[in-house]
Amino acid sequence: MEPNLTVVTTAVVLPFVAAVLSPLLYRVLGERTGYAGAFIAAASFGLLATQINSHGTVRASWVPALDVGLQFTIDGWGLLFALLASGIGVLVFIYSARYMHGEGGLARYYAALLAFMGSILGVALASDLVFVFLFWELTSLCSFVLIGHHTDDDESRYSARMAMVVTVGGGLCLLAGLLVLAVAARGALGGVTFDLTAMIANDEAMRASLRESGLFVPALVLVVAAAAAKSAQVPLHFWLPNAMVAPTPVSAFLHSATMVKVGVYFVGRVRPLLMSPEWVLLVATLGLLTMTVGALLAVASTDTKELLAYSTASHLGLMVAGFGFGVVYGGEAGTFHLLNHALFKAPLFLVAGIVAHEAGTRNLDNLGGLWRELPITAAITGVAALSMAGIPPFNGFYSKELLFEATYEVAHEAGGFAWLYPTVATVASVFTVVYSVKFLAMFFGERRAPIADIHRPPVALVGPPAVLAAAAAIVSVAPQLAVGAIVQEAVEATAIGEAHLEVGLPTHFSPPVAMSAVAILGGLAAYPFTGRLAAVIGHGIDAPIPVRPRGWYDWVISTAEVTSARFGPYVHNGLLRTYVMWVAAAGSLLALAGFAATGRNLGVDGLGVPLAVAVVLVIAVLAGVAVATASSHVVGVLMLSILGFMIAIFFILASAPDLALTQLVVETLVLLLFLLVLQRLPSFYSDVGPLVLARDAGVSVLVGTMAFVSVLLTVPRPDADPTSIAAYYTEQAVPGGGGTNVVNVILVDFRAFDTLGELLVVTVAAIAILVLVTMRTRGEETVTEGEEEPIPDGGDSP
């Protein structure tokens, strides 16, 4: 069945519309706005659920000449991620309505949360590279707002900025990587396209094009770096635990089920496109390294949310490692664990919020025996924590077993150092069991510190994690039910070749079963020594900067701040001349560098400038020089007008009388305005040194060179065929616009909204100037003795 563009677009756009209306909703509903958010999330979930059996791509064209448009691809992988985001979003909004009681800034909070959900749905379903990047960056922006929710807290602002720097830096890598793929698509697909679906469908041609141009490894590194920044892979994992300063619902939604999985999702999406020996070496190694480092740091954590943050990084590493292996089991492990991890990690974050809300602390050293007051919460934690540990028959066991299958198969085929893959996976799983039991232990044993009376949490807090734990339990009991519902289709979308997922408890002994046994028994045996393990790991955490990625981040940021403080006065010195110089020089240099990178020929041969045009242009150049060297304002204004009139004559010679008429009218009005205000201008500004004049002259030449090169490279030659856009405007001017003057039709018909926008800008500027002029003499008070006289306009204070 073909997907429905209206349904899919509505599901994605609805949260953005609700985000815009959130301030109004909050005025009407107050703290109950969370329930309205849950309704929006449920609506998006319901709309997407109608597309479960649909397959294909739907598109609304935006820029046909560049093949850019709002394009959504519906398959099992995208739907799995989108349904997780919207489904868990329903529960998070319900949880927020109670948990955020009494908090400030709730209108901003719900607006950012809704916009974030819409961005995740866009990332999951968009298949046009332009919109993929747009939605990707929107997730970073919304995350920045949500992590920094407590705007008056220094740690909150610090953590929000850290997350923004790392994830947006990864976004820049993604942008570069997507542009490399678009360049390769020109050779592989025969034209300019940003269609990711077409690239994946022609994966062999794309890989060949990338290798022929020497861009395969750069594209691979850029895409993986972007995914690593988003999904907290080593060494870019440090931002995730710091993001735990965000409210608990944000942590449950962003940092367990959605945002941190964006990188994993994209790795799975481009896996068929970039699969190669380089892919296996980079992605699988990165994933297993993150899996181990995250598990070790989780063991050393004493804060409930910090432990869950590091464990999230570890499990994200598991998914990345799964997608890194080219064997069938690898893709199955990454895909199935995306579902399983969301079902057990989101409730654990919500449980951490309940404990902090009721017990008043998140310190595991002060928590114990909570099952007496929180029996339902303890049961939820039992299901989720055992799933996180990978204990059979809980759902986390099945996907981790698939990873063990993948690592063993790769090692068995390759031999040598490849045996490190199953070894590292097993060791990381040992520590996974340790920190899972450590988190669960706060509900058992005796009270470890005096805590105020703990009350039973309200249903709005317990209900959402209970629903997720129930879903995890269902998958644990009947994993093939989840596979048949949607996971199998997701596996097929990320697979290399044919894949048929079958999961269940093992019925015979095998090396992966042995790895699971070692991980579980080793973790249980190591748990009594958690304190000693944490102390050893702590020495590594406190190591000098070269070992700590966060130390490098702090050093880079502090160095940048110091450098900016020293360099700032040279850029922001209060002089308009300086501002124009920096903007013009930087823009021109960037443009010229971009032109040089293309390696195109300027094509100055055969320009064929007529004598009359050459004379006019020479006069214009002389007038421009005269403006810069004029001895008075009157001479400068007259020379400037001569320059404008020469341009009008040039338009006439170029057979553009309408442009010439416009230029003459504008030039005449400008001349009159200058003459009217000439008496208001000071006759002398200041002395300008020769170095400043030389600098300004150099910048002028640079800007002129940039404009000259831009015209040569962008304007087609006289004998060139018209572009598709030019041909369209010419053909449709009369039937579509009702006019024979193509330029006028373009301005007032085809691009009417652009013209309207320009007119609005001019109108607003005119109104602002009028207000400034009319208010100039109002509100002035008579100066009395002892008061300082106002500084005249344009003057300098003594």
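Residues numbered from 1 in each chain as written. Predicted model: local features only at pLDDT ≥ 70, side-chain atom pairs only at ≥ 80, totals over all residues. Heavy atoms only, no water.

Trainee: Explanation requested: helix H28 (residues 690-714) in the structure shown.
Mentor: The α-helix winds at 3.6 residues per turn, so residues separated by three or four positions along the chain end up facing the same way. For H28, spanning 25 residues, the distance from its first C-alpha to its last is 36 Å, which sits close to the expected 36 Å at 1.5 Å a residue. What H28 keeps buried is the set Asp696, Val699, Val709, Ser710, Leu712 and Leu713. Along its buried surface, H28 packs onto helix H24 (576-598). (Helix = DSSP H or I, 4+ residues; strand = E, 2+ residues; numbered from the N terminus. Expected span 1.5 Å × (residues − 1). Buried < 20%, exposed > 50% of the residue type's maximum accessible area, 1.4 Å probe, protein only. Contact = heavy atoms within 4.5 Å.)

Trainee: Before we go on, may I ask you to explain the packing of helix H2 (residues 33-49) against helix H4 (residues 106-125) in this structure?
Mentor: Between two packed helices, both the angle of their axes relative to each other and the distance between the axes serve to describe the pair. Between H2 and H4, the least distance of the axes is 10 Å, while the angle of their chain directions is 10°. Taken as axis vectors, H2 and H4 run roughly parallel relative to one another. For the pair H2 and H4, the crossing hand works out as right-handed. On the side of H2, the interface is formed by Thr33, Gly34, Gly37, Ile40, Ala41, Ser44 and Leu48, while H4 contributes Tyr110, Leu114, Met117, Leu121 and Leu125. In terms of residue class, the contact of H2 with H4 is made up of eight nonpolar, four polar and no charged. (Axes fitted to C-alpha atoms, helices over the stretch in contact; angles between N-to-C directions. Parallel < 35°, antiparallel > 145°, perpendicular 65-115°, else oblique. Left-handed = near helix turned anticlockwise from the far one by under 90°. Nonpolar A, V, L, I, M, F, W, Y, C, P; charged D, E, K, R; others polar.)

Trainee: How should the environment of Asp153 be read in this particular structure?
Mentor: Residue placement: Asp153 occurs in the loop between helix H5 (129-147) and helix H6 (154-189). The exposure class of Asp153 is partly exposed, given its relative accessible area of 33%. As a C-alpha pair, Asp153 and Val245 span 92 residues in sequence and 9.6 Å in three-dimensional space. A polar contact of 2.9 Å, which involves the side chain of Asp153, links it to the backbone nitrogen of Ser156. (Polar contact = N/O pair within 3.5 Å; in protein donor to acceptor, adjacent residues only side chain to side chain.)

Trainee: Honestly, the pattern of salt bridges in this entry has me stumped. Any pointers?
Mentor: Side chains that differ in sign of charge can pair as their charged atoms come close. Applying the stated rule across the entire model yields 10 salt bridges. For the salt bridge of Glu278 with Arg211, the shortest nitrogen-to-oxygen distance reads 3.1 Å. Of this pair, Glu278 sits in helix H13 (residues 277-299) while Arg211 sits in helix H8 (residues 203-212), and the two are 67 residues apart along the sequence. Owing to a relative accessible area of 27%, Glu278 belongs among the partly exposed residues under this scheme. Of the charged contacts, one joins Arg577 and Asp696 as a salt bridge, the two residues approaching to 2.4 Å between their closest N and O atoms. Within this pair, whereas Arg577 is found in helix H24, its partner Asp696 is found in helix H28, the two being separated by 119 residues in sequence. Among the residues examined, Arg577 registers a relative accessible area of 39% and is labelled partly exposed. What makes Asp696 buried here is its relative accessible area of 17%. Overlapping salt bridges bring together Arg577, Arg695 and Asp696 as one network. (Salt bridge = Lys/Arg side-chain N within 4 Å of Asp/Glu carboxyl O.)

Trainee: Can you walk me through a nonpolar patch on the surface in this structure?
Mentor: Taken together, the side chains of Leu640, Leu673, Phe674, Leu676, Val677 and Leu681 define a hydrophobic patch exposed on the protein surface, amounting to about 500 Å² of accessible area. In terms of residues, the nonpolar patch owes the most to one element, helix H27 (residues 657-677), which gives four residues. Tracing the backbone through its elements, the reader meets Val677 in helix H27. Judged by relative accessible area, Val677 falls into the partly exposed class, the value being 40%. (Patch = residues over 30% accessible without salt bridge, like charges linked within 9 Å, V, L, I, M, F, W, Y side chains within 5 Å. Areas by Shrake-Rupley, 256 points an atom, 1.4 Å probe, with all protein chains shown as cover.)

Trainee: What exactly am I supposed to notice about the nonpolar core here?
Mentor: Note that soluble globular proteins tend to have their nonpolar side chains buried in a common cluster. Counting 193 residues, the largest nonpolar core has Trp239 and Phe325 as its most contacted members. Discounting residues that sit within four places of it in the chain, Trp239 has contacts with Met162, Ala163, Val166, Thr167, Ala229, Lys230, Ala232, His255, Met259 and Val260. Ala389, Ile391, Phe394 and Ile520 belong to the second largest nonpolar core, which has five residues in total. (Core = buried A, V, L, I, M, F, W, Y, C linked by side-chain atoms within 4.5 Å.)

Trainee: Which parts of the structure should I look at to understand the packing of aromatic side chains?
Mentor: To describe a pair of aromatic rings, you give the distance between the ring centres and the angle between the ring planes. Taken as a whole and assessed by the stated rule, the structure comprises 23 aromatic pairs. Between Trp552 and Trp555 the ring centres are 5.9 Å apart and the planes differ by 85°, which places this aromatic pair in the edge-to-face class. Placement of the pair is Trp552 and Trp555 together in helix H23 (residues 549-571), with a separation of three residues, close to one helical turn. Judged by relative accessible area, Trp555 falls into the partly exposed class, the value being 44%. Within the aromatic cluster, the residues linked to one another by ring pairs are Phe16, Trp62, Phe131 and Phe135. Over the aromatic face of Phe216 sits the side chain of Arg211, whose NZ or CZ is 4.1 Å from the ring centroid. (Phe/Tyr/Trp six-rings, centres within 6.5 Å; stacked < 30°, edge-to-face > 60°. Lys NZ or Arg CZ within 6 Å of the ring centre and 35° of its normal.)

Trainee: For this particular structure, what's the right way to read the environment of Ser61?
Mentor: With respect to the secondary-structure elements, Ser61 resides in strand E1 (residues 56-63). For the pair Ser61 and Gln71, spaced 10 residues apart in sequence, the C-alpha separation works out to 7.9 Å. Setting aside its immediate chain neighbours within four residues, Ser61 contacts Val68 and Gly69.

Trainee: How do you make sense of the packing of helix H16 (residues 375-389) against helix H18 (residues 420-440) when you look at a structure like this?
Mentor: Two elements in contact, H16 and H18, have axes whose closest approach is 8 Å; the angle formed by their N-to-C orientations is 170°. Between H16 and H18, the crossing angle belongs to the class labelled roughly antiparallel. Contacts between H16 and H18 pair Thr381, Gly382, Ala385, Leu386, Met388 and Ala389 from the former with Thr432, Val433, Tyr435, Ser436, Phe439 and Leu440 from the latter. Residues belonging to the contact of H16 with H18 are distributed by class as follows: eight nonpolar, four polar and no charged.

Trainee: Just checking my understanding: could you explain the side chain of Ser159 for this structure?
Mentor: Considering the arrangement of structural elements, one finds Ser159 in helix H6. If near-sequence neighbours (up to four positions away) are discounted, Ser159 is found in contact with Ile147, Asn242, Ala243 and Val245.

Trainee: What am I meant to see in the pairing of strand E2 (residues 68-74) here?
Mentor: Regular strands place their side chains on alternate faces of the sheet. Within E2, six of the seven residues are buried, leaving the element largely enclosed by the surrounding structure. Across seven bridges, the pairing between E1 and E2 is antiparallel. What sits directly across from Ser61, in E2, is Gly69. (Pairing = 2+ DSSP bridges.)

Trainee: Would you explain unusual backbone geometry in this entry?
Mentor: Trans peptide bonds make up most of the peptide bonds, and negative phi angles are found at most residues other than glycine. A cis amide bond, omega 5°, links Val234 with the succeeding residue Pro235. The linkage connecting Pro392 with the following residue, Pro393, adopts the cis geometry, with an omega of 5°. Within the secondary structure layout, Pro393 lies in the loop between H16 and helix H17 (395-414). Even without being glycine, Ala232 reaches a positive phi, approximately 55°. Note on placement: Ala232 falls in the loop between helix H9 (216-230) and helix H10 (239-242). Here the phi dihedral of Ser655 falls at roughly 60°; this positive angle occurs in a residue that is not glycine. By the element assignment, Ser655 lies in the loop between helix H26 (633-653) and H27.

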